[in-house]
Amino acid sequence: MVRSWYELPEYVQLRRVNGLHLSPDGTRLVAPVSGASPDGKSFRSALWEIDTAPGSEGGRAPRRLTRSAEGESNAGFLPDGSVLFGAGRPDPDTGPDDKPEPALWVLPADGGEARRVAARPGGISSFTVARDAGTVAFTADTHPDSSDAEGEQEARKERREAGVTAILHESLPLRSWDHDLGPQYPRFFTAAPPEDEDSGLGEHRDLTPDAGKDLIGASGGLTPDGSTLITTWRVPVGGGAVRTQLVRVDTATGERTTLISSDHHDYGSPLVSPDGRKVLCARDHDGDYDGEPRAAWLCVVDIGTGEERILAAESELWPRDLAWAPDSASVFTVADEQGRRPVFRVDLDTGALTRLTGDHGAYSALNPSPDGRHVFALRDAWDAPPAPVRLDAAAEDGEPVYLRTPGSELTMPGTLTEIETAADDGTTIRSWLVLPEEASADSPAPLMLWVHGGPYMSFNGWSWRWNPWLLAARGWAVLLPDPGLSTGYGQQMLRRAWGKWGPRVHADVMAITDAAEARGDIDARHTAMMGGSFGGYMANWIAGHTDRFSAIVSHASLWHLGAFIGTTDHPPVWEHEFGTPLERPERYELNSPHLSADRINTPMLVIHGDKDYRVPIGEGLRLWRDLMLHSVEAKFLYFPDENHWILTPGNARVWYETIFAFLDHHVFGKEWVRPDHL
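Just so it is clear, the structure is predicted and the values come from calculations on it, not from any experiment. (Residues numbered from 1 in each chain as written. Predicted model: local features only at pLDDT ≥ 70, side-chain atom pairs only at ≥ 80, totals over all residues. Heavy atoms only, no water.)

Trainee: When you look at the overall build of the chain in this model, what are you seeing that I'm missing?
Mentor: Across its full length, the chain carries 11 helices and 39 strands. The C-alpha atoms of the chain give a radius of gyration of 25 Å, which matches the 26 Å a tight globule of 678 residues would have. The principal-axis extent of the C-alpha atoms belonging to the chain is close to 70 × 60 × 55 Å. A total of 678 residues make up the chain; the buried ones form 58% of that total. Long-range contacts, defined as pairs at least 24 residues apart, comprise 57% of the intrachain contacts of the chain with a sequence gap of at least 6. For the chain, the exposed area adds up to about 27,900 Å²; of that, 46% sits on carbon and sulfur atoms. (Helix = DSSP H or I, 4+ residues; strand = E, 2+ residues; numbered from the N terminus. Rg over C-alpha atoms; globule rule 2.2 N^0.38 Å. Buried < 20%, exposed > 50% of the residue type's maximum accessible area, 1.4 Å probe, protein only. Contact = heavy atoms within 4.5 Å. Areas by Shrake-Rupley, 256 points an atom, 1.4 Å probe, with all protein chains shown as cover.)

Trainee: Even after reading the chapter, I still don't get helix α11 (residues 649-668), so can you show me in this structure?
Mentor: An α-helix turns once every 3.6 residues. As a result, residues three or four positions apart point the same way. Compared with the 28 Å implied by 1.5 Å per residue over 20 residues, the 28 Å span of α11 between its first and last C-alpha is a close match. Looking one or two residues past α11, Gly669 carries a phi angle of roughly 75°, positive in sign. (Expected span 1.5 Å × (residues − 1).)

Trainee: So what exactly am I meant to see when it comes to unusual backbone geometry here?
Mentor: Across residues other than glycine, the phi torsion is negative in most instances, and most of the peptide bonds are trans. Across the junction of Leu172 and Pro173, the peptide omega takes the value -5°, indicating a cis bond. Residue Asn74 is not a glycine yet carries a positive backbone phi of 55°. Take Asn74: it is sitting in strand β6 (residues 72-77). Of the residues examined, Asn74 reaches a relative accessible area of 38% and is grouped as partly exposed. Here Asp397, not a glycine, exhibits a phi torsion of approximately 50°, which is positive. With respect to the element layout, Asp397 can be found in the loop between β30 (384-392) and β31 (401-402). Overall, the relative accessible area of 35% leaves Asp397 in the partly exposed class.

Trainee: It is not clear to me how the sheet that holds strand β11 (residues 136-142) should be interpreted in this structure. Could you clarify?
Mentor: By way of backbone hydrogen bonds, the strands of a sheet pair with one another, either parallel or antiparallel. What the 4 strands build is an open sheet, ordered β10-β11-β14-β15; its pairing is antiparallel. Only two strands of the sheet have a single neighbouring strand rather than two, namely β10 (127-129) and β15 (205-206). When β11 meets strand β14 (residues 185-191), the two strands line up antiparallel, connected through 7 bridges. Note on β14: the bridge partner recorded for Val136 is Ala191. (Pairing = 2+ DSSP bridges.)

Trainee: Please explain the packing of aromatic side chains as it appears in this structure.
Mentor: What characterises a pair of aromatic rings is the spacing of the ring centres plus the angle enclosed by the ring planes. A full pass over the atoms with the stated rule returns 25 aromatic pairs. Ring geometry for Trp501 against Phe534: centres 5.1 Å apart, planes inclined by 90°, an arrangement best described as edge-to-face. Here Phe534 lies in helix α6 (residues 534-543) and Trp501 lies in helix α5 (residues 501-517), a separation of 33 residues in the sequence. There is no split in this pair, since Trp501 and Phe534 are both buried. (Phe/Tyr/Trp six-rings, centres within 6.5 Å; stacked < 30°, edge-to-face > 60°.)

Trainee: What is the right way to read the pattern of salt bridges from this model?
Mentor: Side chains that carry opposite charge are capable of pairing whenever their charged atoms lie near each other. This model, assessed by the stated rule, comprises 38 salt bridges. Note that Asp397 is salt-bridged to Arg355, the shortest N-O span being 2.7 Å. Of this pair, Asp397 sits in the loop between β30 and β31 while Arg355 is found in strand β27 (residues 353-355), placing the two residues 42 residues apart along the sequence. We classify Arg355 as partly exposed; its relative accessible area is 30%. Measuring nitrogen to oxygen at the nearest pair gives 3.7 Å for the salt bridge that ties Arg430 to Asp482. One end of the pair, Arg430, is in strand β33 (residues 428-436); the other, Asp482, is in strand β35 (residues 477-482), and 52 residues separate them in sequence. Residue class for Arg430 comes out buried when judged on its relative accessible area of 4%. Owing to a relative accessible area of 0%, Asp482 belongs among the buried residues under this scheme. (Salt bridge = Lys/Arg side-chain N within 4 Å of Asp/Glu carboxyl O.)

Trainee: Teacher, can you tell me more about the sheet that holds strand β8 (residues 103-107) here?
Mentor: Judged by pairing direction, the sheet is antiparallel, and its 4 strands sit side by side in the order β6-β7-β8-β9 without closing on themselves. Only two strands of the sheet have a single neighbouring strand rather than two, namely β6 and β9 (115-118). The average angle at which neighbouring strand axes cross in this sheet is 35°, direction not considered. Note that β6 and strand β7 (residues 83-87) share 4 bridges and pair antiparallel. Pairing of Gly76 across the sheet is with Leu84, part of β7. (Axes fitted to C-alpha atoms, helices over the stretch in contact; angles between N-to-C directions.)

Trainee: Could you clarify how one ought to interpret a negative patch on the surface in this entry?
Mentor: On the surface, Asp80, Asp110, Glu195, Asp196, Glu197 and Asp198 cluster together into a patch of negative charge. Its location among the elements puts Asp196 in the loop between β14 and β15. With relative accessibility at 42%, the residue Asp196 sits in the partly exposed group. (Patch = residues over 30% accessible without salt bridge, like charges linked within 9 Å, V, L, I, M, F, W, Y side chains within 5 Å. Lys, Arg positive; Asp, Glu negative; His and termini not counted. Charge placed at Lys NZ, Arg CZ, Asp CG, Glu CD.)

Trainee: How do you make sense of the environment of Gly650 when you look at a structure like this?
Mentor: If you trace the backbone, Gly650 turns up in helix α11. Look at Gly650 and you get partly exposed, because its relative accessible area is 38%. Separated by 200 residues in sequence, Gly650 and Trp450 place their C-alpha atoms 23 Å apart.

Trainee: What exactly am I supposed to notice about helix α2 (residues 149-161) here?
Mentor: With 13 residues, α2 ought to run about 18 Å at 1.5 Å a step, and its terminal C-alpha atoms sit 18 Å apart, in line with that. Among the residues making up α2, those that are buried are Glu152, Arg156 and Arg159. Taken down its axis, α2 places every buried residue within 65° of arc, on the same side. The outward face of α2, more than 90 degrees from its buried face, is lined by the exposed residues Glu150 and Glu161. (Arc of directions from axis to C-beta.)

Trainee: Please explain the environment of Val106 as it appears in this structure.
Mentor: Note on placement: Val106 falls in strand β8. Sequence separation between Val106 and Gly163 is 57 residues, and the spatial gap between their C-alpha atoms is 36 Å. In this structure Val106 touches Leu78, Ser82, Val83, Leu84, Phe85, Glu113, Ala114, Arg115 and Val117, once residues within four positions along its chain are discounted.

Trainee: How should I be thinking about the state of the cysteines in this particular structure?
Mentor: Defined simply, a disulfide is a covalent bond joining two cysteines at their sulfur atoms. Tallying each qualifying case throughout the model produces 0 disulfides. Distance from the sulfur of Cys281, which forms no disulfide, to the nearest cysteine sulfur (Cys299) is 3.1 Å. (Disulfide = S-S within 2.5 Å.)

Trainee: So what exactly am I meant to see when it comes to the environment of Gln184 here?
Mentor: Structurally, the position occupied by Gln184 is in the loop between β13 (179-180) and β14. On the basis of relative accessible area, Gln184 is assigned to the buried category, the value being 16%. Taking the C-alpha atoms as reference points, Gln184 and Ser146, separated by 38 residues in sequence, lie 9.6 Å from one another. Setting aside residues no more than four positions away along its own chain, Gln184 makes contact with Asp141, Thr142, His143, Glu152 and Arg156. At a separation of 3.2 Å, a polar atom in the side chain of Gln184 contacts the side chain of His143. (Polar contact = N/O pair within 3.5 Å; in protein donor to acceptor, adjacent residues only side chain to side chain.)

What follows is the structure, given as structure tokens:
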């Protein structure tokens with residue numbers, strides 16, 4: 001029997017395009033593409049080459065460039081077209097006892113074997129390349145007292161042989177998402193490009209020996225001539241909070257000066273212009289307890305003077321995935337907008353904002369062509385996985401031209417439509433609605449309400465981790481709303497729910513659920529709800545404030561806000577909105593789902609990973625315990641080695657299987673069947 005891609009054994013085998021990088025001459029694209037490993041226990045990434053011409057214009061089929069047991073990532077290009085990438089594969093030129101660490105490798109532009117060109121004790125994390133000079137800047141975690149590679153190697157050896165794993169912290173952060181921080185922290189190193197086809201990068205120069213924790217999460221870029229590195233730099237501001245500024249680092253001397261800094265804003269994602277004179281970046285504001293909510297702007301900073309200019313401020317768009325036009329006269333960005341994520345062009349002289357794409361897609365990985373005619377990007381949507389496309393750089397509301405993809409081309413088992421309604425305060429709440437093929441007035445579909453995470457995001461693009469089509473293939477309609485706190489609808493959508501997570505968002509999602517259930521093709525007698533992270537928070541809130549759903553699934557959820565704020569990986573971010581429980585308890589009392597535990601009657605499936613440091617496991621454990629104490633029919637799906645997301649093929653499959661079984665039992669009254677391997 002032939003099975004479709006939305007059957008779980010096939011689903012976890014699908015190839016997934018995860019990025020896009022254009023060669024300096026604009027003739028080819030390289031993309032990291034992941035897929036299940038041969039043993040099916042992990043996902044592994046390899047680099048693929050993609051022709052910049054579509055198939056209708058003679059574009060060649062994609063071809064795989066790399067193949068190793070460890071996988072490859074972080075692709076980029078040297079000026080001669082050689083592909084620079086990160087990999088933890090063994091180096092055949094080293095001894096058999098050398099433990100492979102993530103290093104930099106080069107694949108010649110005209111083909112051939114890849115060779116390792118740079119390595120550091122503990123591995124290399126990220127890199128950037130000077131467009132003209134080919135200078136490479138990369139980050140590597142280093143002990144604070146290490147002055148060179150030999151000293152770093154010795155420090156790691158001594159710690160290992162002493163059996164010490166402890167880390168002494170004197171400031172935040174301690175952890176990030178799923179990994180511990182320290183005792184090594186990132187530093188930037190620079191090196192000259194290889195001199196010939198047999199050599200590696202030049203001598204590694206430590207540009208930031210005094211960085212400490214200040215380069216955690218840093219992103220940076222080099223000027224085209226390689227003389228200056230522009231990078232983010234963290235500055236402590238008290239109470240464990242930091243501000244992120246931009247600094248210039250002279251790559252010849254290591255001298256560091258502040259480019260731009262603010263007491264109220266963070267600067268990130270710096271991108272140096274092709275003419276080397278300006279930096280494009282995002283400026284963010286975390287919000288104020290008694291003032292405005294979070295906000296983001298697109299800005300350009302003069303490298304020489306530090307003068308800042310905000311672009312398209314009146315649009316209230318939140319920029320991401322920034323790119324320069326080759327003439328440095330305009331920039332490209334994507335931003336959430338009305339349930340889409342279009343590509344925008346901003347003219348620097350006039351400030352004019354133009355939307356390049358007029359479809360319902362969500363775009364990322366922007367790569368303007370050297371001749372200025374095109375922008376290459378990844379496009380996805382709720383009805384299409386990420387795939388490479390070519391855009392007309394001069395268009396307005398244009399359509400994408402698809403390139404031949406190394407990913408998975410899929411046909412959806414249903415249809416995608418939009419609905420909207422008015423909330424109790426008159427605000428329009430819109431949502432995507434995934435419908436199974438057989439849904440009709442004669443055969444209405446059961447309804448699953450999904451609430452997105454964030455909460456400052458939009459439900460506008462494909463998700464491998466939360467894929468509604470797997471439910472649609474089993475007959476479910478899936479509602480994907482953008483309630484209060486969603487981006488892409490202007491700042492007022494955030495203001496109305498700022499500090500009022502539970503009451504406001506609950507009212508919004510109930511209003512759009514009412515609108516969905518009023519449709520003839522929806523079966524309002526059979527409904528369920530699920531969400532993860534903030535969506536899991538809303539699952540818990542909804543469970544304590546309505547009995548309208550037959551089952552609720554709560555993944556990686558916030559339960560006791562007062563406990564969460566002190567254990568999440570970076571508490572100050574949330575304190576801008578909620579304050580601290582001791583000084584400002586009122587918003588915790590208004591919004592914490594645990595205070596309604598005694599009102600929960602709906603059967604709940606609780607899911608949590610032990611390595612989740614964003615929403616620590618304590619939230620799931622306490623939720624589970626409170627449900628037991630109140631005799632709620634519940635199950636706890638626990639992943640000892642997963643984090644905020646369920647990332648391995650086997651566990652992802654069990655995740656879906658358990659949810660399907662839970663819904664079958666509580667929504668349709670079928671006998672409970674425990675999934676295999678549990």
